[in-house]
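Each chain, letter by letter, is given below.
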Amino acid sequence: MKKEYYFESGSSALIFALLKEKKKTQVVFLPEYICKSLVDRLNAIKIKINYYKIKKNLSTDWVDLKKKIKTFKNKQIYILYINYFGKINNRKKFIKIKSNCQNNNIVKLIEDNSHGHYLSYKNNKTNKIDILFSSPKKIFPQLYSGGILYKKRFSDETEYNDLENKKIKIFGLLKLLIKNYFIRFKFYFILRKFIKTNQGLNTEKIDQKIKKIDIYSFKKFKKINLKKELKIKLEKSEKINKKLNQFKHKKYFDFNENLPWYYVCFTQNLINKKKIQKFCETEKISFFNWPELPEKNKNKRTKYIYDRIICIPLK
């Protein structure tokens, strides 16, 4: 049975888990299509990183991943995979790779669910996943901070218990309250230019010091009704879908196990994407691109994906 540990962000949850085993950790395999901010935090604690290829449809290049794992011998390897845009990745295949590891390697799995929030992680067949983490502050706009680490109980929890809670800055809380109230009005799209609220991406400077979730957000999170949130996001998704029906695109998310962060569509090409973006601007629909890629990961495959994705917050 996994326990929930609460941090100020999803990346802090992962970093804390890896630091607890840093002496054992030899390398972390990351998908090449990943946000630069997480990579920066791993680099800051001097974790060795190896990237594996992602295909143009966001599926894993299994041949490439297996080939790269074989180059390591007698190592403890972590493989991180992302539930892109809330759609649960191919857990069974990753678990199979873990069980069939060779060269005396010990393979452990990390499931990055920062694009969604488990409706019930206990029913998600995650027992064979070593580390799971999510970022509810992205999913629920009423939270000032919030990341969850789902993991078997630490034998010694002193280090976690001694972490300080994130402190709320008055100006930061004010921005949060203004954003949550005005986002439903067209006036918000003018207002945000002045208060510089983020549109889905975490644009704040990353604090490398690990903190627990702030008390205000923890209390708010515990009162969230997931069934109600699911209904709200489904309704918002249907409204967006109807507005975008005139354009050719494919939705890339689902509500089966996760509450998705945003409505994501794959456009046919960059020209079609620009048409949808222009339409969204006219209709005052907030949108953004994800992610800011590490410079070394910019290639034909990642550019192909980036040039076709549009993210629309379901808030």
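Below: a short report on this structure. (Residues numbered from 1 in each chain as written. Predicted model: local features only at pLDDT ≥ 70, side-chain atom pairs only at ≥ 80, totals over all residues. Heavy atoms only, no water.)

Re the pairing of strand β12 (residues 309-313)
Inference 1: Counting buried positions along β12 yields five of five residues, so the element is predominantly enclosed.
Inference 2: Burial along β12 is two-sided: Ile-309, Cys-311 and Pro-313 facing one way and Ile-310 and Ile-312 facing the other are all buried.
Inference 3: Note: strand β11 (residues 262-267) against β12, five bridges, orientation antiparallel. The residue bridging Val-264 from the neighbouring strand is Cys-311, located in β12. (Buried < 20%, exposed > 50% of the residue type's maximum accessible area, 1.4 Å probe, protein only. Helix = DSSP H or I, 4+ residues; strand = E, 2+ residues; numbered from the N terminus. Pairing = 2+ DSSP bridges.)

Observations regarding the sheet that holds β12
Inference 1: Here we have three strands laid out as an open sheet, ordered β9-β11-β12, and antiparallel in their pairing. Lying at the two open borders of the sheet, with one neighbouring strand each, are β9 (249-251) and β12. If you compare each strand with its neighbour and ignore which way they point, the axes differ by 30° on average.
Inference 2: Bridge count for β9 against β11 is three bridges, and the pairing is antiparallel. Note that in β11 the partner of His-249 across the bridge is Thr-267.
Inference 3: Sitting on the sheet, helix α10 (residues 226-243) touches β9, β11 and β12, and the angle it makes with β11 is about 30°.
Inference 4: Those strands touched by helix α11 (residues 270-282) are β9, β11 and β12, and its axis lies near 20° from that of β12. (Axes fitted to C-alpha atoms, helices over the stretch in contact; angles between N-to-C directions. Contact = heavy atoms within 4.5 Å.)

Topic: the side chain of Gln-76
Inference 1: Note that Gln-76 resides in strand β4 (residues 76-82).
Inference 2: Using a relative accessible area of 8% as the deciding quantity, one classes Gln-76 as buried.
Inference 3: Within the local environment of Gln-76, its side chain forms a polar contact with the side chain of Glu-21, the two groups lying 3.3 Å apart.
Inference 4: In contact with Gln-76, not counting residues within four places along its chain, are Glu-21, Lys-24, Thr-25, Gln-26, Val-27, Ile-106 and Lys-108. (Polar contact = N/O pair within 3.5 Å; in protein donor to acceptor, adjacent residues only side chain to side chain.)

Topic: helix α3 (residues 62-70)
Inference 1: Along α3, the positions that sit buried rather than exposed are Trp-62, Asp-64, Leu-65 and Ile-69. Projected down its long axis, α3 shows its buried positions confined to an angular sector of 165°, all on one face. In α3, the exposed positions that point more than 90 degrees away from the buried face belong to Val-63, Lys-67 and Lys-70.
Inference 2: Looking at the buried residues of α3, the elements they touch are β2 (27-31), β3 (49-52), β4 and α4 (91-99). (Arc of directions from axis to C-beta.)

Some thoughts on the packing of α3 against α4
Inference 1: Between α3 and α4, the shortest axis-to-axis distance is 12 Å and the interhelical angle comes to 20°. For the element pair α3 / α4, the angle class is roughly parallel. Taken as a pair, α3 and α4 cross one another with a handedness that is right-handed. Residues Trp-62, Leu-65, Lys-66 and Ile-69 of α3 form the contact with α4, whose own contacting residues are Lys-93, Phe-94 and Ile-97. (Parallel < 35°, antiparallel > 145°, perpendicular 65-115°, else oblique. Left-handed = near helix turned anticlockwise from the far one by under 90°.)

Brief notes about the nonpolar core
Inference 1: Counting residues in hydrophobic clusters, the biggest one holds 91 residues, and the most contacted among them are Leu-58, Ile-79 and Phe-85.
Inference 2: Contacts of Phe-85, omitting those with residues within four sequence positions, involve Leu-58, His-115, Tyr-252, Phe-253, Pro-260, Tyr-262, Val-264, Trp-290, Ile-309 and Cys-311. (Core = buried A, V, L, I, M, F, W, Y, C linked by side-chain atoms within 4.5 Å.)

Observations concerning the sheet that holds strand β5 (residues 106-113)
Inference 1: Pairing within the open sheet is mixed, and its seven strands lie in the order β1-β8-β7-β5-β4-β2-β3. Two strands lie at the open edges of the sheet, namely β1 (2-7) and β3, each paired on one side alone. Averaged over all pairs of adjacent strands, the angle between strand axes in this sheet comes to 25°, irrespective of strand direction.
Inference 2: Packing against the sheet, α3 makes contact with β2, β3 and β4, and its axis sits at approximately 150° to β3.
Inference 3: Helix-sheet contacts for α4 involve β3, β4 and β5, and the interaxial angle to β5 is about 160°.

Some thoughts on the state of the cysteines
Inference 1: One pass over the full model with this rule turns up zero disulfides.
Inference 2: Not engaged in a disulfide, the cysteine Cys-280 finds its nearest cysteine sulfur in Cys-265; these two sulfurs lie 7.4 Å apart.
Inference 3: On the basis of relative accessibility, which here comes to 0%, the residue Cys-280 falls in the buried class. (Disulfide = S-S within 2.5 Å.)

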